[in-house]
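This is what each chain is made of:
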Amino acid sequence: MVRTRFAPSPTGYLHIGGLRTAIFNYLFAKANDGEFVLRIEDTDKERSKDEYTQAILEALNWCGLKYDEICYQSKRNDIYEQYLDELFKKGVAYRCYCSKERLETLKQEQLKRGENPHYDGHCRNLKEYPSDKPYVVRIKLPDEDIEFFDHLHGKLHFDYKQFDDFIIRRSDGSFMYNFTNVVDDIECGITHVIRGDDHLTNTAKQIVLYRLFEKTPPEYAHVPMILGEDRTRLSKRHGAKSVLEYRDIGILPVALVNYLLRLGFSYKDKEIFTFDEMVELFSLDRLNKSAAVFNPDKLLWVNAEHIKMSKPDELYEYLKPFLDKRCLDFDKDYIVRAIETRQTKAQTLVELADEIRFFCVEPDEYDKKGLKNYLKVKMEEPLKELLGELKKAEFKDEDELKAIFEKILNKYDTKMVKLAQPVRIALTGKTIGPGIYESLLILGKDESIKRIEKLFDAVYKKDS
Ligand code: GLU
């Protein structure tokens, strides 16, 4: 069975590069009826924080990336000890007592000779271990070239001389990333590893460890990094936010997942994917070989498309945290009707919440330019007549309201915008908003008349 994993180090908030890796691994597992494991790589005690772990869990949960298992490296020390023992028994690991000073001198000499700094195997064949001195544990690097197959890069070849007897355990007893990563992938039965191509050299070292453990490595797909507009590796500098910050600016989780999927995956020229389509269509051979550039405007576009596609009552659940508290006093059905009026126009949930706020809260100010352009002009008479007609109306459907507006339009030979905008400003405070008839109908007769009278009274009484 296919088993993938996402293995973040909780040393910071989950960023979108990390989330994209999680998405690829999740989708690959699900596309193959497999399992997706979350492994918190928290062996670095200084830098790992529980707060970051919690934020990772929250972000994955928000994105709907459900894991089938979770494990914490900090709780697996016994397993690492056992695996280390195995390497000692096989005679392929050794204690190294070299001091920092010796290693520094060695490095300087090698640099002088124009060589890449590497450990010279000084402690490889120690007959006896001094009991009281600190030591690190190194592996005996086999002198065979390292090869592995990658789904994006094809067959990769590394000259073993590029590497040395690398350290797998530090002098404080903690284990190094490459070691724990391999042990856990073996122990968890991981079959496929999808991760950033910044890990290629690590993979070569990990292949050495698989060889020493006499285990078959998983299959690999190393994906290109996400770049910023200037084509350097994406960072905060480019305006990239942490995953939960995207939630907080009103991005839908499915939109973020969709956008990040497309930054490294393509299927024909399809841009918008539902969650089910992502699972259905994901495959390693559709991963892109070249790096993609993060584009915040495109993310907003994808978000707008998903807002449009969403069922209004489902959108309501996502919108709730962004709604004015006063909107929460209204029935869900009422807010759902309001959502329907603006769902096709909003780029974010923040925008949508803002645009439908007027359905629940009377405007406390009016657009100044709007007042000047549409009310403080010679429209008093037709507008007052319109108000009079609306007062007599039943507010039963759009046709009824349309007929009223048309009657006044014809009588005064004026334009729709000149009638609709003053009413819109009265209802919403703004010059942009949902269609005028649907706004009137949803707000209802009493509330609409109240707002229109309030504005007309304020403008025309003052003037007369
Ligand atoms: N903890 C590593 C990281 O966050 C895991 C890399 C991996 O093996 O996927 O980069």
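What you see is a predicted model, and the numbers here were worked out from it, not measured in a lab.

Calculation notes
- Residues numbered from 1 in each chain as written.
- Predicted model: local features only at pLDDT ≥ 70, side-chain atom pairs only at ≥ 80, totals over all residues.
- Heavy atoms only, no water.
- Helix = DSSP H or I, 4+ residues; strand = E, 2+ residues; numbered from the N terminus.
- Buried < 20%, exposed > 50% of the residue type's maximum accessible area, 1.4 Å probe, protein only.
- Pairing = 2+ DSSP bridges.
- Axes fitted to C-alpha atoms, helices over the stretch in contact; angles between N-to-C directions.
- Disulfide = S-S within 2.5 Å.
- Salt bridge = Lys/Arg side-chain N within 4 Å of Asp/Glu carboxyl O.

Q: Residues and numbers for unusual backbone geometry, please.
A: Located in the positive-phi region is Asp 33, a residue other than glycine, with phi close to 55°. Notably, Asp 413 is not glycine yet its phi reads approximately 50°, a positive angle. Along the chain, the position of Asp 413 falls in the loop between helix H16 (398-412) and helix H17 (416-428). You can call Asp 413 exposed: its relative accessible area is 69%.

Q: Please set out the sheet that holds strand E5 (residues 136-139) residue by residue, giving values where relevant.
A: Reading across from one edge, E4-E5-E8 is the order of the three strands in this open sheet, with antiparallel pairing throughout. Among the strands making up the open sheet, the edge pair consists of strand E4 (93-96) and strand E8 (167-169). For this sheet, the mean inter-axis angle between neighbouring strands, taken without regard to orientation, is 45°.

Q: Tell me about the state of the cysteines, and please be specific about residues and values.
A: Summed over all chains, the structure comprises zero disulfides. The cysteine Cys 188 is free of any disulfide, with Cys 71 supplying the nearest cysteine sulfur at 4.6 Å. Just so you know, Cys 360 is unpaired, no disulfide at all, and the nearest cysteine sulfur is the one on Cys 327, 3.1 Å from it. Overall, Cys 360 belongs to the buried group, its relative accessible area being 13%.

Q: Which residues make up the pattern of salt bridges, and what are the values?
A: Per the stated rule, a full pass over the model turns up 42 salt bridges. Note that Lys 407 is salt-bridged to Glu 389, the shortest N-O span being 3.2 Å. In this pair, Lys 407 sits in helix H16 while Glu 389 sits in helix H15 (residues 380-392), placing the two residues 18 residues apart along the sequence. Of the residues examined, Lys 407 reaches a relative accessible area of 48% and is grouped as partly exposed. The class of Glu 389 is buried, set by a relative accessible area of 15%. Within the structure, one salt-bridge network assembled from shared partners comprises Arg 5, Arg 39, Glu 41, Arg 76, Asp 184 and Asp 185.

Q: A description of the pairing of strand E7 (residues 154-158) should follow, citing residues and the corresponding values.
A: Sheet analysis places strand E6 (residues 146-150) next to E7, joined by five bridges and oriented antiparallel. Each residue of the ladder has a partner; that of Glu 147, found in E7, is His 157. Taking the residues between adjacent antiparallel strands as the criterion, E6 and E7 are bridged by three residues.

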